[in-house]
Structure formats: C-alpha cells, structure tokens
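Chains, contacts and geometry: an overview
Each chain is listed here by its residues.
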Amino acid sequence: FQMLLPPTQSLQGAGGWSPLDSDHYQWLQVDLGSRKQVTAIATQGRYSSSDWTTRYRLLYSDTGRNWKPYHQDGNIWAFAGNSNTESVVRHDLQHAIVAQYLRIVPLDWSGEGRIGLRIEIYGCPYWADVINFDGQGVISYRFKMKKMKILKDVIALKFKTSESEGVILHGEGQQGDYITLELKKAKLVLQINLDIKPLFQDVPLVTSGSLLDDHHWHSVVIERYRRNVNFTLDRHTQHFRTNGEFDHLDLDYELSFGGMPYSGKPSTGNRKNFKGCMEGINYNGDNITDLARRKKLDTSSFRNLSFSCVESHTSPVFFNATSFLELPGRSDHEVASVSFQFRTWNPSGLLLFSPLADGTLEVGLSEGKVSVHINVTQKKNTRSGLHDGQWHDVRFLAKENFAMLTIDGDEASAVRTNTPIQIKTGDSYYFGGTLRLFHLQSPIQRSFQGCMQLIHVDDQLADLHAVEQGKLGSFENVSLDMCAIIDRCMPNHCEHGGRCTQTWDSFSCTCDGTGYSGATCHTSIYEQSCEAYKHLGKTSDTYWIDPDGSGPLGPFRVNCNMTEDMVWTTVMNNLPPQTSVTGSSRERRTVLQLNYSASMDQVSAITSSAEHCEQHVAYSCRMSRLLNTPEGTPYTWWIGKGSEKHFYWGGSGPGIQKCACGIERNCTDPKYYCNCDADQKQWREDSGLLVYKEHLPVNQVAVGDTNRPGSEAKLTVGPLRCQGDRNYWNAASFNTPSSYLHFSTFQGETSADISFYFKTSAPYGVFLENLGNTDFIRLELKSPTVVSFSFDVGNGPVELAVRSLAPLNDDQWHRVSAERNVKEAVLQLDQQYREVRPAPSQGHTRLELYSQLYVGGQKGFLGCIRSLKMNGVTLDLEERAKVTPGVKPGCSGHCTSYGMYCRNGGKCIEKYNGYSCDCTSTAYDGTFCTKDVGGFFEAGTLVKYNFMPENTAAVASKDTKGLSRNVAPEGNLTREDLAFSFSTSSAPSILVYISSRTQDYMAVVLRHNGTLQIRYNLGGLQEPFTIDVDQRNLANGQPHTVNITRVDRNIQLQVETGQIDPVLIEKYNTPGFVGCLSRVQFNGIAPLKAALRSRIAAPVSVQGKLVESNCGASPLTIPPMSAATDPWHLDSGRINRNSAIIGGVIAVVIFTILCTLVFLIRYMFRHKGTYHTNEAKGVESADNADAAIIGHDPNFSETIDESKKEWFI
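Here the structure is a predicted model, which means the values were calculated and not measured.

Quick look at the pattern of salt bridges now. Inspection of every chain in the model, using the stated rule, returns 31 salt bridges. For the salt bridge of Glu 279 with Arg 35, the shortest nitrogen-to-oxygen distance reads 2.8 Å. Within this pair, whereas Glu 279 is found in strand β21 (residues 275-283), its partner Arg 35 is found in strand β2 (residues 28-44), the two being separated by 244 residues in sequence. For the pair shown, Glu 279 and Arg 35 are each scored as buried. Glu 311 serves as the salt-bridge partner of Lys 160, at 3.2 Å between the closest nitrogen and oxygen. Linking Lys 160 in strand β12 (residues 152-160) with Glu 311 in the loop between α1 (288-293) and β23 (317-328), this pair joins segments that are 151 residues apart in sequence. The exposure class of Glu 311 is partly exposed, given its relative accessible area of 26%.

Printed below as a string of structure tokens:
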C-alpha cells in the first residue's frame, strides 16, 4: 500500500506539518488503522517555505504506547532527511516492520527556518492469528500417531512478552528425545536432544537474543534436518549440530505450546509457563493458531482463551546522560517510600535524588551495586552485577528510626541502617538525574543512562501520561513510553570466543586466552605455519600455528623442524609405539582409534597447503596376516581423512593392495605381497611411509587376524609429518600495468581482514580493490613510501595511510595487513608502521560489495604479490595467473629480503618457494648457520687439516716458483682470520697451531697459569711476537671465544708444518689439551666441521676419539686490546719490510654455560722441504720456526710431525 496523509501533509501536497515550537520534543504520529507491514518511507520539506527536516528517527507501536525505535546495523537509526523543500528523499527499510502506529521524531532541521515535513509511507497489508497466553494455559498439538520419528522439523512463530522467563514450546519422548524452546533471563534458549540422555541433562544450550521481555514482537524459526539445525531469531541465524549419533527426533503423543505438558515428568523441574502473545505458530506446515481458533486442538487448560493480545500497562521511561524526571511527593513527612524498576548497562549512575528538609537522599549505582546515601555520610550497598541489562526492582523505605533498601523483592538480603535515623521528606523526587542546582560534589555519578518503569512515590504509581501532558511534575530530555536499550553484545561481535562487555553507548571485547587480538578478537596472534616462523628467523621448536588466520579454525601446537633446506611440521597422535593387538578376526576386527594433538579440520588445513606429507606405519606380526592377497578381502585396513577405508600399506600407494616389500619384490615369501601375509611363526614386519597426503592422517586401524593360537601383532603409527607451505609462497608476478587477476566478490560485511606480501620497483600501484554500488574497499601503494587502505560502508569514504621511513619500491618483500570491523579500521606495514581509525558510533557498518575482486587492480600494479589471505582464505594466485595474460605464477628474488637470516657467513640460496642457507663454508650448521659445530677432545685426540694436496707439496719442495703458481690462496697469506671457542679445565696446552714448511707459524697457547697467549713468526724476526691476551685464568671450565685478524704484512706465508723440537714441545704440552673447541674457522675453512661431518669431502684426519658437542652457550666478550699495548704495532725500523702492521683484533668471549669439550694436540708432524721468500730470514739462531716458539718459552710442549702444509687443533 501507499499511505497518504491529508493532502497538505503528503508528498507534493501544498502544505506540510510544521509544529509551533522547533525543539527535540516534537513528533508526528501516523495511525495506519490496523497493523501493516511497512517497507519504505519518503519525506519532503514543507511546501514553499524554508522548513524541512534534515535528520529524524522512526518509532513504531501496535497500540500507540510502548514505542520501539527502528534499529539498523545494531544502532537506533537516524534517517537522513531533506536539504530543501522540494526534493523527495526515500529510504527503503533494511528490514520491514509491522505496526499500526508510526511516530517520526525530528532530530535536526533547517537552519533557515523550522521543522517542516511531508511524508509518504509504503508497505503492504498484514494479518496473523494471535493467541494470548495467560501463564497457565497450554496448547497441545497431538500427533496423528502415538509415537513420531521425525527426521525434519520446521517450526515458526512470533512472540511478545513482558516476562523474562517462560517455556514457549516443548515436546519429549520416552527414549529421552526432546525439544524445548524457552525464555531464560529474557534470552531465547533452544535445546534439542536426539540421544539417550536424561531430560535437560548434559545437553548443550543454544542461546540467542536478549532483552526479549520488551513487549515487542520477535520472530523465531527453527529448521532441523537430521542433526543439522538452523536457529533464527529476528533475522539472526545460528547453525549447529545436535549431540549423539541419531538423526530422528522421537516424540510421544504431543507437542505443547506455552508451557510444559501436564503429563511432564518430575525431572522437568519448576519451569514457568509462557505469559504473553504468540502469532503465526506453524509446525511442519500446520497452522497451530488457526487450528486452535477452530477448536481442533486441546486448549482446555486455558481459563479464558483470547485471540487478541492483551497489552502491557507499564510505561517505560528512557533516560540519556542529560535527563531527569521530577515527580512531586509529600513534604515534611517522617516516612519516605519510593520504588521503581530499572535496567541499564552502565555500572554507575544516579537513580534517585531527593532534597530532604535537613539533607539529601541519593540512591544510585556504583560499580554495579545499588548504594544509598542519606545526608551524604550514611551509606549502604547491595549486591553487585545489577548493570546486566535486566529489569531490577528497587524499593526504599525510611520510617521509625530505620531505613531499608530491598532489591528484586529479596527481603532476606535487604540492607538496613545500623543506627537510628530520622528524616523529613522534601516535596520532590528526581529520577535519573537532577537539576543543575543540585550538581554538587557527590559520591554518585550525576547522570543515568537506562530505563525505568513502575515508578511509585509514597506508594502511588506515577501517572506518566499526566507528566507528558505537563499536568504533573517535569522532565528534561526524557523519552516517555519507550525504552531504547540495545544489547550491543547480541549478536556478539567478539569473535573466536572473545568475551563481550558493554556500556550504554559501546561494547568492548576481551581476547585473553583466545589466541586472537584486535577490537573484535579477529586477528590471529600466531603465524600460519612453520614456514612462516622460519622466515621470521625462528629455529626448530614447538609453536602455535593458525593456518586460516582469522578463519574459524582455532590455533594449535605443532612441532616445527627447520632443516637446512626444508621445514617439517609434525602433529603427534596418542597411539603408543608397538601397541599389541590380540583377539581380532575378520568378523570382529579390533579398531584402534588415533587422536591427534589437533582436530581433523586443523590437520586438513596443514595437509592441503603442504608440499608433501608422510606418515610412517609398521605392522609387526607373528602368525598374523596383514592384507593376504590383492584379490582377497584384506585382514587389516586403515581409515584416513574423510572416513574412507584404504587397503594399501606403508611403502605402497592407493589402489595397490600391497606392502613395501611387494612393491620392491623382496618379501619373505615371494608368493605374497607383504611379509606378514606369509603367516609365519617368526616375528616379521611390514613398514613404510604413507605419502598420499589426500588420505592422511591415519585416524583408525582395523586389525583382523590375531585370534588364532600363537598369533600376535604390534602396530605403530608415527606422527604426521608435512613439509612446506604452498599458501605462504603462493605468488604472482604482474608484468604489465594493465595486468590483473579477478576473483569472486569479497564477503566481508561486518568484519574483513586482508594480508599479503608485496615487492615492487614501481613508485605506485593498486594492490587490490572490490567495488559495490557506493561501497568499496581498496589497498594501494600511493607513493614510494605510502601504503593506503580506503573503504566506504555507506558513511562516506575513509582512508588510512601509513608512511615508511625507507622507500617501499626497493624490490624487497614487505608485509601489509588491513582490518575493518564494526569497532575500528587498522592498517599495518611490516609489523612496524600502524594506523588505527575508530568507527563512528552511529552509522552503517555493513560492507556491501557486488563486483569482482581485482588483484593487481584495474589501475595497475607492477611487481609481485604473495600469500594473499582474505578473512582466513588464501587466494590461489598461481593457479589464476597460469591462465591470465600479463601475469606469471611465482616470484623470484627471496634472498633480497630474507638473506639477512643466513648468519655467520652463510650463503642465501634461491628456491622457487623460498630460500635456504648454505653453511658449507662456515664453521656453523643449522637452518640459519647458527648452530655451533664443536668437539670434545680427550687426551691424545688430534684434528689435522691439510691445505695442500700431496702432488702440490711435492712440487713445492723442489721448485719455489712452481709453488707460488700452484698453491691455493691459503698458501700465500697477507691476512689471517682465525676464530674459535674453547673451554677447558687443564693447562698448559696448545689450542691451535698453524705451521709452514719454514720457520713461519702461528700458535694460540694456553699457559700453565691458564692465561691465553698468541705467538706469531713471519720470518725475518729474531724472535716471535708474543701477545698476552688476558691475565685471567681461562682454564676455568667456562666457554670462551677467540677472534684473531692479521692484515697486510705483505709476505708470502705457506701454512704448512715446520720442524719443532720434540723435547721442548713435551715440556709445554704434556699430557695435552683436554676440553672443547667449537666454531673453528680459518680464512673460510672450517676444519673441525669437516672432521665431524662425513658428508663433507675435505683433506682432514682425526687421531684419537673426537665427540661432537656445541661447547655451551654464547660467551661474554673480552674487549680487544688498544693500539698502545698491541705488540703488532711495530716500528718499521726494526723490521726490513714496509707493511709490517699486523692488526690483531682479538676478542676473547667468556660463555655463561659450562662446556666440557676440549681440543688436544698430542704431537705435530715434522716438516720436510725448503721454503723461499723475498724477505731476509731472521731467527737464524733457531733451527726452524717451531723451535723458535719453544725456545722462547721452555714450558711450551707438543709433538708434531708431517711434511705438508697443515693446520693442527
């Protein structure tokens, strides 16, 4: 219908409505004659004037009382009106309303004139059967059969009530099945039990709505098919599954509406019947209200069955932060009696104020408790938690020397004064606030936001209609006959189990313990996979992961094993290894159930994104057959993902009923394809890896041949191991400005999050965008340093921008994450730059998009985007890029961003999906070259590294020129870099000795007193340089680190064994070094690592027992020596060479963790051959360089012999 007002007030009429006073107390009320369904409203200004309404609210009612404001997007909606007198502004209601009376309340109007309005209302007729329930009567719907096994149910009805408790419908069966819909604390609760359980015990409750005792109509629809249920209340739908394994709802005799049946069992408890009105009751196609009207149903329990709704006589009052209601009272009386009901979400507020003859009376909320202040000094508190949105009854009585405060009629918990008091009443009572005259200092907040009803003063019910007409009392900013309370926590915008709390104007979410963060607990605080943790520089450990981010899957713990080139994710199960199985047969198999440390949905998220998955299974048997033959029925099978049976075993594949030995043709009995199928009395085993990831993990194993005498089996199912994360590396390269990928429309109405990585060398570009009619969402690079996030949900465009200090078009990976919800919008760049924009308190909240989602943007983007995730769903960029011109799957150049994680000289190696660290040329191991490689040396243990092959050594001994041409770079050194760590408790000893064929050498010595000494001889010196590094005793069992660097001596040093006097060596280094050495590296060579890693081919040998160890934790650093005390800071006049500066940067670092690994050099090999240099040789008094080192310190001892260029540890 189109509802027209009188011609002067309808659209295009020559006139309009314009009240005498233009203030916020004006309204225009429309009577539609009967209940109608209203779908739209249109407004226009007053004809030929400067009067129009720019903003207004719409209220509706069935009776002209108890008005309800129109809600949209969780708020009391304010409609945009007109900006002139002639244009028509029409609003189609987001949801239709049913009412007889409409009231339009102007909020803002023309600044040039006054309130002016012409309106038209659009809708259609509405009619429904109504039944009034008096709290005693029950309608019984009898089934055609005594017992009903119901597979599908559809129940629909509308109700309205002023009561917070009451059973709306109930049905039950003798086997324990039942269905109940009831009000509890003004919330709707649904229970459906298809299992065999006692009535109302251990059955989950599904709760919807709140504040349903507002005496307004609420619509309910329950749809059940088998165990799947849709529960809809006022357009908000919840989906859930019932407990148990049964699909049918077995009910006996009847389904009752309005309460419990009189034949109900005692276990049903003391439940109230429903008191209020219902209409349009429909059960599986039967119109219950129509059947009741035609007396086809049993309504005998009703005293007086009425088919019209009995309206409530209560008149609520709505207070905002600047309201008060003043009512008169008897003055100069010694009895004060006031009572009322209130409901609010705010923990504090003034409920009642009255000036007494000799003081004041205040009743207010403080931290959720009602408190009374009489003459300010005397105070009483009640129980807490009264700001829960429920109606609470307050009664205050003061007489005969005492005062009493009662809450919700509970006399037992009423609070009384401890000392006698006497009061004389004033002549007025202020509710919800006071005049500014009384705004003095007070322990109670001066305003109240909420609703009151049933206000009694001096035991008389206040006539609020007389107040509205100005005949009684006064008020300010009060809305009479309306309670505009909103439950902002229903539906709950706090996601993932976040706890919602609210005040009158807003709500907040507590995300503690959920694994999520943000204003609505939307964003996961964990990474999506082990692969993502690796690229944050994390090493092997146990981590929480969240594969779908903000999606429905919760976070869970996995073991992450970061190897040099792979990342493995491990999910454990609860089956003990070698689980014994007996007493099973083909007819009665033993089923072993496996439970994992994550749900099947969570595990599926891992397997679907992994590059490869595997699970080891082993079946040990003695006279227990496994599969028998490919043609026969298998004795044993396993069930994987999707509850599908599989008849292959580890080492085989789908469709092949064989074991690993059958594939490899090496079974014990060649007639069978499994070792166990030979049915032998000896223990056999069939084991291998299951690698078809679409079937994994193993959930059950059914064993069927262990019931014969002597037969036995033992089953082992290992953890699920998956490698890689295709979602994390899913990337596309946009090669032309016009290239883009398109996907289906992004669904993110009330909550949307977008995250991705990008890299580009272009100064600007659009990452993605999705458009609607007016709504849109866009992420773009606006300049080389600015990323912006813009959107419009109907309130006008909003743009957030973050600015980076460094250019973003540096061809390195950068991470962008954006989120928009009903509370705020957030943009974050590289986990470093962040902007937050609060959402407006009133306005649209739903993002309505219609076009396709464009990635790369129609405006163009040049570069790479990867790991694009929107609301927990990873978009498959690579698959779409394969069929899109101008876009290529994948993206190279990961080392530019992640190469920094390769430490200690490790080399970053590019891979298609990521990178790896090559630690070959370092003294370290592990994923990022950070794992120490060390060894424990017992007495007599020696590690020797030969720098020069045998043939080169032979040539060098004969021809000096040939040596200089053929030796490796280490043979002619102008720089040495030596680094190692050690710990020992014994001294003296040689830690490292580097020798040559001649008298040149370098040695690191631990002296008798535990001090560290460096010795160098480069030839041409009368005696070697000696550096006392530190006077502390370093043989204290603690780990220490040494770093030595020598630069530009401009000599040719061939690191090779020289001759050492064995007598002097024995004096200094007996019984030898006992302790630990690690991180040993000399000029790019790691001899100790080469000795401990058999896969590394190197000229290294070990004498004695060498045990690998990491030698403890990182030590503390000893400061390097200053130039003034540096013995390498020599006067060039003493040495006949120009570049005589040897820079010794020596850092001895003391570790905090005790390490027991020690290096021992037991003896050193003698040198054979000659050495030629361009420099004059000093130290002529010594036979060789090694003898010189010993001659300088008679305590130095070691045995060395060999005739090659070598390095000894």
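Counting buried residues along helix α4 (residues 600-609), seven of its ten residues qualify, which places the element largely inside the surrounding structure. Looking only at α4, the buried set comprises Gln 602, Val 603, Ser 604, Ala 605, Ile 606, Thr 607 and Ser 609. On its buried face, α4 sits against β40 (541-545), β41 (556-562), β42 (567-571), β45 (612-622), β50 (712-723) and α6 (726-729).

With that settled, the discussion passes to the nonpolar core. Membership of the largest hydrophobic core comes to 41 residues, with the highest contact counts inside it found for Tyr 619, Trp 649 and Val 698. Looking at this core, the elements that each hand over two or more residues are α3 (530-534), β40, β41, β42, α4, β45, β49 (700-703) and β50. In terms of residues, this core owes the most to one element, β50, which gives five residues.

The subject of this paragraph is the environment of Thr 232. Along the chain, the position of Thr 232 falls in strand β18 (residues 228-233). What makes Thr 232 buried here is its relative accessible area of 14%. The spacing of Thr 232 and Val 221 is eleven residues in sequence and 5.1 Å in space, taken between C-alpha atoms. Among all residues touching Thr 232, those that are not within four sequence positions of it are Ser 219, Val 220, Val 221 and Thr 237.

What follows concerns the sheet that holds strand β61 (residues 853-855). If you trace the six strands from one edge of the open sheet to the other, you get β52-β61-β54-β55-β56-β57, paired in antiparallel fashion. Edge positions in the sheet fall to β52 (741-743) and β57 (798-803), since each of these pairs with one other strand and no more. Between one strand axis and the next, the sheet turns by 15° as a mean value, whatever way the strands run. Where strand β56 (residues 786-792) meets β57, six bridges bridge the pair, whose relative direction is antiparallel. From the neighbouring strand, Phe 791 faces β57, where its bridge partner is Val 798.

Moving on, we come to the state of the cysteines. This model, assessed by the stated rule, comprises 13 disulfides. Each sulfur in the disulfide pair Cys 613 and Cys 722 lies 2.0 Å from the other. Across the S-S bond linking Cys 613 and Cys 722, the dihedral sits near 110°, which makes this disulfide right-handed. One end of the pair, Cys 613, is in strand β45; the other, Cys 722, is in strand β50, and 109 residues separate them in sequence. With respect to burial, Cys 613 and Cys 722 carry one shared label: buried. Note on cysteine connectivity: Cys 864 is disulfide-linked to Cys 891, with sulfurs 1.9 Å apart. Between Cys 864 and Cys 891, the S-S torsion sits near 80°, and that sign places the bridge as right-handed. Placement of Cys 864 in strand β62 (residues 863-870) and of Cys 891 in the loop between β64 (887-889) and α8 (895-898) is noted, with a sequence separation of 27 residues between them. Each member of the pair, Cys 864 as well as Cys 891, is classed as buried.

Attention now moves to empty space enclosed by the protein. Within this structure, the stated rule accounts for three cavities of 30 Å³ or more. Each pocket or cavity is described by its volume, and for the largest cavity that value is around 140 Å³. Lining the largest cavity are 17 residues, and of these Gln 528, Ser 529, Ile 606, Ser 609 and Asp 725 sit closest to its centre. Elements with a minimum of two residues in the lining of the largest cavity: α3, β42 and α4. Broken down by element, the residue count for the lining of the largest cavity peaks at three residues, all from α4. Residues of the lining of the largest cavity, tallied by class, amount to eight nonpolar, six polar and three charged.

Below, the discussion takes up the sheet that holds β49. Spatially, the four strands line up as an open sheet ordered β44-β49-β46-β47, and their pairing is antiparallel. Only two strands of the sheet have a single partner each, and these edge strands are β44 (590-593) and β47 (645-646). The pairing of strand β46 (residues 637-639) with β47 spans two bridges and is classified as antiparallel. Of the residues in β47, the one forming a bridge with Ile 639 is Lys 645.

Note on placement: Asp 677 falls in the loop between α5 (660-664) and β48 (684-690). We note that Asp 677 is buried and unpaired, the nearest opposite charge coming from Arg 625 at a distance of 6.7 Å. Within the structure, Asp 677 has its side chain in polar contact with the backbone nitrogen of Leu 627 (distance 2.9 Å). A distance of 2.7 Å separates a polar side-chain atom of Asp 677 from the backbone nitrogen of Asn 628.

Our focus in this paragraph is unusual backbone geometry. Residue Leu 696 is joined to Pro 697 through a cis peptide bond whose omega torsion reads 10°. Position of Pro 697 relative to the elements: it lies in the loop between β48 and β49. In this structure, the amide linkage connecting Ala 987 to the following residue, Pro 988, adopts the cis form with an omega of 5°. Tracing the backbone through its elements, the reader meets Pro 988 in the loop between β71 (975-984) and β72 (989-995). Not every positive phi belongs to a glycine, and Asp 332 is a case in point at roughly 60°. The residue Asp 332 is located in the loop between β23 and β24 (336-343) in this model. A residue is classified by how much of its surface remains accessible, and Asp 332, at 51% relative accessible area, is exposed. Look at Met 623: it is not a glycine, yet its phi comes out positive at around 55°. One can find Met 623 in the loop between β45 and β46. Residue Met 623 is classed as buried on the basis of its relative accessible area of 18%.

Reading the values: the criteria
Residues numbered from 1 in each chain as written. Predicted model: local features only at pLDDT ≥ 70, side-chain atom pairs only at ≥ 80, totals over all residues. Heavy atoms only, no water. Salt bridge = Lys/Arg side-chain N within 4 Å of Asp/Glu carboxyl O. Helix = DSSP H or I, 4+ residues; strand = E, 2+ residues; numbered from the N terminus. Buried < 20%, exposed > 50% of the residue type's maximum accessible area, 1.4 Å probe, protein only. Contact = heavy atoms within 4.5 Å. Core = buried A, V, L, I, M, F, W, Y, C linked by side-chain atoms within 4.5 Å. Pairing = 2+ DSSP bridges. Axes fitted to C-alpha atoms, helices over the stretch in contact; angles between N-to-C directions. Disulfide = S-S within 2.5 Å. 1 Å grid on protein atoms, 1.4 Å probe; cavity = no way out; pocket = protein on both sides within 12 Å on 5 of 7 lines; lining within 4 Å. Points joined across faces, edges and corners; volume = space filled by probe spheres on them. Nonpolar A, V, L, I, M, F, W, Y, C, P; charged D, E, K, R; others polar. Lys, Arg positive; Asp, Glu negative; His and termini not counted. Polar contact = N/O pair within 3.5 Å; in protein donor to acceptor, adjacent residues only side chain to side chain.

Don't take any of this as a statement about function, it's just geometry.
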